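Residue-level structure breakdown
Listed below, chain by chain, are the residues.
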Amino acid sequence: MASPDAAPRKLVAVLAEVYECLVNARATKPKQDAEQVARAIIDGVHVHPRYGAAAQDATCLALTLIGRMVATVTAPTSHLARFVQDTLEVLLRDLDVVSQMVATFACEERDQVVRHLAAKSASACVLYQLQVSGVLHPSWHGTCEQALLSLPAGPQLDACLWSLTHVLRELLRAKRPELVRTLVAAFDVSVCTAASRFLSAAGASGLADTFCHLLDLLEFLMASGGGSPRLTYVHAAALVAAVSRAPLYFVSKRAALLLKRAALRTAGEDWLGTCGESAADLGALSAAVLDAAAGDWMSSVSAESLTFFGGSSNTKGGSEDGECDTAMLRAVSLLLIKSVQYHVTSAATGDGEAGSHLTRLWRFLRQRGVRPTDADHDCALLPLLFGEQDDDMMEAAKAALVIFLRLRENSASAEAPCAAGCNPHCHFLFLLRAVWWDHRILLDFLMSTETCFLEYFLRYLRYLRTERRGFAASCRRLDAEAPPRVPFGRDGEGRRRRRRTGEHTLGRARRCLLQLHLLLARLQHKKLFPYKADALLRLLWQVTRQLGQDGPT
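Below you will find a few notes about this structure. (Residues numbered from 1 in each chain as written. Predicted model: local features only at pLDDT ≥ 70, side-chain atom pairs only at ≥ 80, totals over all residues. Heavy atoms only, no water.)

1. What to know about the pattern of salt bridges
Heads up, the condition is: One side-chain nitrogen of Lys or Arg within 4 Å of one carboxyl oxygen of Asp or Glu is enough to make a salt bridge. Helix and strand assignments follow DSSP, with helices taken as H or I runs no shorter than four residues and strands as E runs no shorter than two, numbered in order from the N terminus. Using a 1.4 Å probe on the protein chains alone, a residue whose accessible area is under 20% of its type maximum counts as buried, one over 50% counts as exposed, and one in between counts as partly exposed.
Here the structure, examined in full by the defined rule, presents 19 salt bridges. Among the ionic pairs, R39 bridges to E35, the shortest N-O distance being 3.4 Å. Of this pair, R39 and E35 both sit in helix 2 (residues 34-51), 4 residues apart, which is roughly one turn of the helix. When its relative accessible area of 42% is taken as the criterion, E35 is described as partly exposed.

2. Thoughts on the environment of A287
In this fold, A287 is placed in helix 15 (residues 279-294). Through-space distance from the C-alpha of A287 to that of A237 is 8.6 Å; in sequence the pair is 50 residues apart.

3. Looking at the layout of surface pockets
Unfilled space is identified by rolling a water-sized probe across the atoms. For clarity, the cut-off: As defined here, a cavity is a set of points on a 1 Å grid over the protein atoms alone where a 1.4 Å probe fits but cannot get out. A pocket is an open set with protein on both sides within 12 Å along at least five of seven lines, and residues line them when an atom is within 4 Å of a point. Grid points are joined across faces, edges and corners, and a volume is the space filled by probe spheres set on the points. We call Asp, Glu, Lys and Arg charged. Ala, Val, Leu, Ile, Met, Phe, Trp, Tyr, Cys and Pro are nonpolar, and the rest, Gly among them, are polar.
Each pocket or cavity is described by its volume, and for the largest pocket that value is around 670 Å³. Around the largest pocket sit 26 residues that line it, and L264, R265, T266, E395 and K398 are the ones nearest its centre. Listed by contribution, the elements that provide at least two residues to the lining of the largest pocket are helix 14 (249-264), helix 15, helix 16 (326-345), helix 19 (390-410) and helix 22 (453-466). Top element by residues in the lining of the largest pocket is helix 16. It accounts for 5 residues. Considering only residue class, the lining of the largest pocket consists of 7 nonpolar, 7 polar and 12 charged.

4. Comments concerning the environment of A327
The condition is simple: The criterion used for residue contact is that any of the two residues' heavy atoms lie within 4.5 Å.
By the element assignment, A327 lies in helix 16. Separated by 74 residues in sequence, A327 and K253 have C-alpha atoms that sit 8.5 Å apart. Setting aside chain neighbours within four positions, we find A327 in contact with K253 and L257.

Listed below in structure tokens is the structure:
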């Protein structure tokens, strides 16, 4: 009498032979024809519910084979491409394998591997059919839509969210905007409903997986442009609240990183380059962030210590037991700074609240362990926090410059330029000090497309050209913060005197800019610079000439 698992073992042998033929470039065609192979695969999909754990290997192998076949057909380099095409047609057209895999989305919680493979292979088939025919598979569409509209959080909803996100991501990668619009339009109502249901419940237990899947979907929707893509901004207040009250730290961090990318307009930049925000979108996000900040939101934002191989320390920051998560601190800081930037540049706002928001941010950072050498110098906080992250540092410096200039326009007094913690002279000098006054690193920043340094640098040089006294004052303050370690005697006394007057930092800054100007001019003359730099060269020449009047070279 045959054992209960004899049928699954026999099926595994058949499927393993087919898989070996697909992955081995020298293998011959399987013994079975295309229809027989297709029926063996569909039996593999069905065998798990019938035989339970004993048949899991057969089901996993069948699901993996389906994904492999779709990949072979979409990139037909295999000598078996025609055979695979015929097999896949039988699976999709005659046996409706997609409906069978979608039914597996609702399998028990313990069958996570089977459910994930089913979602992955079903998504591959849906994507293939959509690219070929321009039509969504009705069973996949109906199941996912029903789950988004009415199902409680659980394995089936998670599988549907994952599958929908995967299809959308691959369409963005393939640069198929017409199919992206088709997909987004088909799920517009159901995704909006799911967002309303679950984003406001981020603090509920048991929703972590669903919430994170939904965040992934929202990011790709932002990259796609159109109607429901603006859900991140519509539900900005709920996402901001999730940063501080989600029960699991990784959920809070995921929400903070999504909001940061929304504020920087970088969601989905790897696929489309931009996302489709409008001024109203950013206004809604800014209002939600600043309203929360005014309500002492940042005091409840956690920044757990980093995790190491030896374990982790659950410090909230500023203790000796461990370091704070700087990625979380950078995300919250950039989110608030970009919101303040939008606030001060919009026509209907003043400047009083902006200073209060910045003061709250500096207090938050100090409480989380970001402490500069000069305890009273708030301008040192951003360079210290963003020093190891060039792209975020440039975004923060650019936003701080815009805020500073707008506050100075609206202020009757020009005193205390460091009061708001965003003196652009201090930020630029901290940047130069961080790169060891090396003009070649500045040149790398100028040539890179990964940061906004060029935009920031041009704007700052225009300001420096008209405000070199403030620059000299910042040089004096930075020299006072870092007293020289020199021996006693005539030379040591002279160097200490130069630091007291700011000549040390001023001279190094001018030399760095002068060397940058000379190197840039040579590259421009030899046509080795990637873009026309005439305006930048003029600004550098004017600035270095003016700074030469304030101190030695």
